[in-house]
Every structure is written in structure tokens, then in C-alpha cells.
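# Understanding the architecture of this molecule
So you can see what is in the structure, the chains are spelled out below.
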Amino acid sequence: LTGEEKRRNKNGHVGPCLQDPSRSGTCTVHGSEFWSSYRLNITEVNPLGSSFRLLDVTMQAIIKPDPPEGLVVEPIPLAPRRLHVSWKYPSSWPKEPHFQLRFRLQYRPVIHRSWSVVETVNLSEVITDAFAGLEHVVQVSAKDFLDAGNWSEWSAEARATPVRDLATTASEETTTDTSLKRLAEEPSQAPNPEPITRSDPLEKMAILVSLGIFAFFVLAAVLVITILIWLRVRRHGKDETKPHNFLVAATHLKALPSESGC
């Protein structure tokens, strides 16, 4: 620092960005403030000379929390499709009311390659669409509550297996084996696909109602076509009989004068 910079540094305005010898591309500003902006003077030196540039940085634009800690996943008794997940704030994050985090939870069956993702502001979440009796892997990441900066890296994995429903285990065993084989062979098309969907009783009812309405209109159309064909055939039959009756009447009238002449 120059003499002027040293004098300013006493007032907390100018200071060094300490470089880690093992990481040549990084430096650390100690005592930085979250809502402040900083201007970094970056100097590059090589045998041909040196150059510098000024880089303006806003703390809230580059903030990136550490991953959440203490991730725990537990099955819920008597709930074969549910898992309870809990975690803690990263120890490096300020424990103050105005520095809240929101979280992103991803989970999947171990044999499946695509993730289901949910977001929450709580420190726990209940997964409601897990596969009974199948081991699941879960991870969580964090971001500033006001959406500043970037998502943290994913936490270490935690695993758990939902309890099996003994009442339906025997009847579902064959179906589950087939479904799991299909899931294992299915490729993942996206890094964060939509949660795995399953059939809904309301959807089934809507499909049945739609099929019933469609069948009604088809039967009505067939009935109308049949009636039209029958009426046309009947009218055609009447038209054919009319000339025959006319010829008979004409022949009868023609024969009458000759009989009277006799």
C-alpha cells in the first residue's frame, strides 16, 4: 500500500485481498460487509511488464452459502410412501434473523437416475411419493432467502428406505418388480425432471366419463345413420311399386271399350 492507501486503510476503506499460495486464482477479503460494494485492483505481472484492471463487486450478487449440514432421512412408521427429511443451517452462515436461507431438496430411488425436486423455507420436509420398501437417496442445497447470489453445492447424500405395507406386500410384489425394472432401464432426459407422477383416482374417473360420452355419441351416430338408410330403402321400394300399379290400371281401362263393343 502507498502512504495515502495506508492512511485510508486506518479508516477501513482500503485493504488487501489476501491470496492463498495454494490457489493462485483466488484471494480473500476479511471483514467484508454483505450489503457493501467493493472495487478490486487486480494486477497481472509477467516478464514483459505488468497491467491492472479494476473489478467492481457487490457482495449480495456473488454470495454462495456452504451446503446445509446434518442431513437426516428417516422412514415414517405406518406410512409406506413417506420419508421425513431434516437438516441444519451451514455453520458458516450468519445466525441472524435478517439472513435467512431457503432450501432445495432432491431425492430419487437408488436404482433411478432422475431426481424429484422440491423447495422449502423450513428445516424439514416430508416426502410423500416415495416407493415403499425401496432405498432412496436425498440431498439438499441452500440459497439466500431473497434470491441473492447462487445456490450452494449439494450436501452429502443421506439414504433411507420407507417401511413396507405388510397388508399389500404380497399383492404388489409382482407389480413392483416389473415397475422397478422399467425404472432402472429408463434413461434420464434432464438433470432436474419433474417429480415422478402416478395415476390419480380423479383422473381415472375423468377418463371413464370421457369414454362413456364418446361411446354415447358413437352409438347415436350409428343409430341415426341406420334410420336414414332404412327410410331411403323404404322410399325406394314405394317408388318401384308405383309404375307397376299404373300399368295395370291403364291396361284395364284399355280393355273396357272392346268388351262393350262385343
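Residues numbered from 1 in each chain as written. Predicted model: local features only at pLDDT ≥ 70, side-chain atom pairs only at ≥ 80, totals over all residues. Heavy atoms only, no water.

### Here we look at the overall build of the protein
Along its length, the protein carries four helices and 11 strands. When the 262 residues of the protein are sorted by exposure, 21% land in the buried category. Summarising the internal contacts of the protein: among those between residues at least 6 apart in sequence, 58% fall at separations of at least 24. With an accessible surface of roughly 19,400 Å², the protein has 59% of that area assigned to carbon and sulfur atoms. (Helix = DSSP H or I, 4+ residues; strand = E, 2+ residues; numbered from the N terminus. Buried < 20%, exposed > 50% of the residue type's maximum accessible area, 1.4 Å probe, protein only. Contact = heavy atoms within 4.5 Å. Areas by Shrake-Rupley, 256 points an atom, 1.4 Å probe, with all protein chains shown as cover.)

### Overview of a nonpolar patch on the surface
Residues L223, V224, I227, L228, W230 and L231 make up a contiguous nonpolar surface patch of about 600 Å² in total accessible area. Inspection of the secondary structure assignment puts L231 in helix α4 (residues 201–261). For L231, a relative accessible area of 41% translates into the label partly exposed. (Patch = residues over 30% accessible without salt bridge, like charges linked within 9 Å, V, L, I, M, F, W, Y side chains within 5 Å. Salt bridge = Lys/Arg side-chain N within 4 Å of Asp/Glu carboxyl O.)

### Describing the nonpolar core
Ranked by internal contacts, the top residues of the largest apolar core, which has 22 residues, are V73, V85, W87, F103, L105, I127 and V138. Counting residues per element, this core draws most heavily on strand β7 (residues 101–109), at four residues. Among all residues touching I127, those that are not within four sequence positions of it are R81, R82, L83, V85, L105, Y107 and V138. (Core = buried A, V, L, I, M, F, W, Y, C linked by side-chain atoms within 4.5 Å.)

### Considerations on the sheet that holds strand β5 (residues 69–76)
In sheet architecture, strand pairing relies on hydrogen bonds along the backbone and comes in two forms, parallel and antiparallel. Strand order in the open sheet made by the three strands is β5-β6-β9, with antiparallel pairing throughout. Only two strands of the sheet have a single partner each, and these edge strands are β5 and β9 (124–127). Taken over all neighbouring pairs, the strand axes of this sheet differ in orientation by 15° on average, direction set aside. (Pairing = 2+ DSSP bridges. Axes fitted to C-alpha atoms, helices over the stretch in contact; angles between N-to-C directions.)

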